[in-house]
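Topology and contacts: notes
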Protein chains: 2
Amino acid sequence: MKTDIDRLMQEENIDVLWVTGSMMNNPDMVYFTGIHNASTINLFKLRDKPPIIFHDNFERDEVAKSGLKTQSYIDKFPFDKYLKEARGNVLKAYSTWFKAFFIETCITSSRVAIFGKKDISYTYAIIKALKRELPQVEFIGYFKDSLLKQARMTKSQAEVEQIRQMGNVTTQIVAKVANLLSNQKVKDNKLVNKGGHPITVKEIKKLIRLWLVERGADNPEGTIFAIGHDAGVPHNAGDPNGFLELGKPIVFDIFPCEAGGGYFYDFTRTWCLGYATDEVQKLHAQVLKVHHKIISELRPNRPFRDFQKRASELFTKMGHVTIEKQFNVTEGYIHCIGHGLGLNVHENPFSGISAGERDILTPGIVFTIEPGLYYPSKNIGVRIEDTIYLNPQGKFEILADYPYDLVIPVKN
Amino acid sequence: MKTDIDRLMQEENIDVLWVTGSMMNNPDMVYFTGIHNASTINLFKLRDKPPIIFHDNFERDEVAKSGLKTQSYIDKFPFDKYLKEARGNVLKAYSTWFKAFFIETCITSSRVAIFGKKDISYTYAIIKALKRELPQVEFIGYFKDSLLKQARMTKSQAEVEQIRQMGNVTTQIVAKVANLLSNQKVKDNKLVNKGGHPITVKEIKKLIRLWLVERGADNPEGTIFAIGHDAGVPHNAGDPNGFLELGKPIVFDIFPCEAGGGYFYDFTRTWCLGYATDEVQKLHAQVLKVHHKIISELRPNRPFRDFQKRASELFTKMGHVTIEKQFNVTEGYIHCIGHGLGLNVHENPFSGISAGERDILTPGIVFTIEPGLYYPSKNIGVRIEDTIYLNPQGKFEILADYPYDLVIPVKN
């Protein structure tokens, strides 16, 4: 949580957090500022001090909406002055300008941790130039478990309510899609529209986007609506021109967020239109069994990875090959059991091979459980996913309930 | 254009382009791959070779949609092996894994230019680790005029048609908004809905998003619908809870892109509902005069910055203070005359104080002309913006025409 940041800075000997980029679609920034329309700002947080936003003058009204302390560059650091001094060399001007600004902010011999989603070419050039101007400053990047990712891993009550609200939006839309599919005509084993033309995946996704936007949400990472073979490849988003054929498994994985890059929800159901083959029914029943079993066995303060191992054990007993036994497998249980989520759709804690000592089921986390079985050679994929909150009292709670039915009835 | 890339690599002595991140909302990646659903891939382009995508196995179907050469890591570089060798140190595993992969790709003593919009903390950590593993490799970032920005500055015919199509979408939506505003009831000098409640900016923006999504577009950078005082601050996006008051100037600046982070359009009109005061009419007429004048004076192969100076000259003659005379001014002509656009809403060529020798009106560019006058203290802002294509024959063409009328008639 945000209240952990100063302690984490102390533990990791970080003097300054530097968060750069937009106030939209930029998780580490939005964590501090909320979602507003400023495209390029710099937020600094010194240890044991409140954050402060430095901004171009044009952005003054938007940054003020953050409620944080703000400071326009123009008052103290007019760029034209530095550009003149640098005789038109813009990078030199920018880095001396930044140096003046670091000196003003007392960031001159410090460990500065960098954050933000931004053009890496630009940012790398800036950091290189700054290192020349300020050799005493050490810039710190994080490969994983960044200080802010650690803080963000546990959620405040307000954050949980935002995620729950996105869960409500998600299940509303899933219900609308189910209802829509149930009410189409069938021709040649496919759903068709009023004109008798087969409905495509693209059309379903467009409706999903419209329904999301109507509810103040968005799907910046897309939506998976993958049928048959495509369902068998976990990150195949579905063929836009694919038809909705009866009996084929559909993996419908929807992970929307608050419009502009806010909190995510993550949810999957597997459906068959009209009927399911025995084989799909069997795999679906197995996945659902593991889903319930894992959720029932979750305990606070256990490594998340334990439950990936447990899921693999359960699937192995059912006769499936698993990624835990054989890393480069493409059929069977080839995914990890879940991941944390929040302002990123994937964040700590993790459960896969790279999970570490910080990937613990800590009270306050929000995470997914999403067992699946993947057989692309048989045109089958099955995944079931819910988003779960581990509350401060140690209880696990699915944030948005929805039935697990495999078969979506269709009109005869 | 893409066909310039090998020449630019030669000129700048770059051996490899490394583009990282998602195939969505990541301009330098989308330039090569188009928009698809893979979230983390690495694209390498060696000089005089076609690009190749390296990807996690899960992403194999999505990367294939790019039409480029692809290679799953798993075939040659199974991560579990490196993780075992690194005794669980994930960053070490990742960097030795990357090293093996660089060696395979012959990137071992090279100048590697980095690109992509991605978490900078993560990317900086990776580059630091790679520099330890591969001390002969020099990683290059660009503060401005990056090699890909230079290539992307001039557009192919296909790119121009994509931008033109977004222009059509944009003007369709602007017309729908104008029509909507004209057809509302007025009460207490404000537009009201059927229930008699004042309509808010938030409601207008929601409709704009829905209409964009219906047309396969999106507005990831937001939309400016700024009224009165807010119109006087160029990047104020408008108060979501603001009402639509008659007679106040509205700066409506809409910059949508193809959904998923494709080509942008950029367009602004200034409107007054019902009537405009003499002062606003005068300022609007001045801005429109400068708009037409600048467009009429554009010539190929001239520095874009010349036209910023020319606009300042024209506004100075009209009695306004300008940013060219006084950098930190907040009233008058305080913006630059325009910018290139494409996969970024702002890209080369630039016309402002930082513009350089590459910011030339080169045949093939697409750019905006957007003069404006800003008087927040008087609750006035006026901006008029069109997107223009300079074709290979040297002709300047507005890509989507739309009337410049200031007053939107409303119902009595």
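Residues numbered from 1 in each chain as written. Chains lettered and ligands numbered in written order. Predicted model: local features only at pLDDT ≥ 70, side-chain atom pairs only at ≥ 80, totals over all residues. Heavy atoms only, no water.

Attention now moves to the overall build of chain A. A count of helices and strands for chain A gives twelve helices and 22 strands. Across its three principal directions, the C-alpha atoms of chain A cover 75 × 50 × 35 Å. Across the 412 residues of chain A, 61% fall into the buried class. In chain A, of all internal contacts separated by at least 6 residues, the share reaching a separation of at least 24 is 67%. Charged side chains in chain A number 52 positive and 48 negative. The centres of these two groups are separated by 1 Å. (Helix = DSSP H or I, 4+ residues; strand = E, 2+ residues; numbered from the N terminus. Buried < 20%, exposed > 50% of the residue type's maximum accessible area, 1.4 Å probe, protein only. Contact = heavy atoms within 4.5 Å. Lys, Arg positive; Asp, Glu negative; His and termini not counted. Charge placed at Lys NZ, Arg CZ, Asp CG, Glu CD.)

A word on the side chain of A:His335. When you line up the elements, A:His335 lands in the loop between α12 (304-317) and β15 (339-340). Ignoring sequence-local partners within four residues, the contact set of A:His335 consists of A:Pro234, A:His235, A:Gln308, A:Ile323, A:Glu370, A:Tyr374 and B:Phe58.

Once that is clear, we can look at the nonpolar core. A:Trp18, A:Phe44, A:Phe102, B:Phe44 and B:Phe102 are the most contacted members of the largest nonpolar core, which totals 71 residues. Setting aside chain neighbours within four positions, we find A:Phe102 in contact with A:Trp18, A:Phe44, A:Ile107, A:Thr108, A:Val112, A:Leu130, A:Leu134, A:Val137 and A:Phe139. (Core = buried A, V, L, I, M, F, W, Y, C linked by side-chain atoms within 4.5 Å.)

It is worth spelling out helix α10 (residues 201-214) of chain A at this point. Look at α10(A): 20 Å from first C-alpha to last across 14 residues, which is about the 20 Å you get at 1.5 Å a residue. Those residues of α10(A) not exposed but buried are A:Val201, A:Ile204, A:Lys205, A:Ile208, A:Arg209, A:Leu210, A:Trp211, A:Leu212 and A:Val213. Its buried side turned inward, α10(A) meets α9 (157-182), β10 (217-218), β11 (223-227) and β12 (249-254) of chain A together with α10 (201-214) and β10 (217-218) of chain B. Downstream of α10(A) by a residue or two, A:Gly216 has a phi angle that is positive, lying close to 75°. (Expected span 1.5 Å × (residues − 1).)

A few words on the interface of chain B and chain A. Contact with chain B, which involves 73 residues of that partner, is made by 73 residues of chain A. Around 6,200 Å² of area is buried between chain B and chain A when both sides are counted, 61% of it from carbon and sulfur atoms. Summed over the three residues of chain B that lose the most area to chain A, namely B:Phe58, B:Ile120 and B:Phe143, the buried surface amounts to 14% of that side. The tally of links from chain B across to chain A stands at two salt bridges. The closest approach of N and O atoms between A:Asp218 and B:Arg209, which form a salt bridge, is 3.2 Å. (Buried area = accessible area lost by both parts, 1.4 Å probe. Salt bridge = Lys/Arg side-chain N within 4 Å of Asp/Glu carboxyl O.)

With that settled, the discussion passes to the pairing of β12(A). Residues and elements named next belong to chain A. Counting buried residues in β12 gives six out of six residues, a clear majority hidden from the surface. Here β12 shows no split at all, with Pro249, Val251 and Asp253 on one side and Ile250, Phe252 and Ile254 on the other all buried. Where β11 and β12 come together, five bridges link them in antiparallel fashion. Bridge pairing in β12 places Thr223 opposite Ile254. (Pairing = 2+ DSSP bridges.)

Below, the discussion takes up the domain arrangement of chain A. All names here are of chain A. If you check the domain split of chain A, you get domain 1 (2-150) and domain 2 (156-408). For domain 1 and domain 2, the distance between their C-alpha centres works out to 37 Å. Each partner contributes residues to the interface: domain 1 has eleven residues there, and domain 2 has 16 residues. Approximately 1,100 Å² of surface area, both sides summed, lies buried where domain 1 meets domain 2, with 51% of it carried by carbon and sulfur atoms. (Domains from an automatic or database assignment.)

Bringing the packing of helix α11 (residues 278-297) of chain B against helix α12 (residues 304-317) of chain B into the picture now. Residues and elements named next belong to chain B. Close contact between α11 and α12 brings their axes to 10 Å; oriented N to C, the two are set at 145°. The hand of the α11/α12 crossing is right-handed. Between α11, through Gln286, Val287, Val290, Lys293, Ile294 and Glu297, and α12, the contact on the second element is made entirely by Phe307, Arg310, Ala311, Leu314 and Phe315. Classifying every residue of the contact of α11 with α12 by side-chain character gives seven nonpolar, one polar and three charged. (Axes fitted to C-alpha atoms, helices over the stretch in contact; angles between N-to-C directions. Left-handed = near helix turned anticlockwise from the far one by under 90°. Nonpolar A, V, L, I, M, F, W, Y, C, P; charged D, E, K, R; others polar.)

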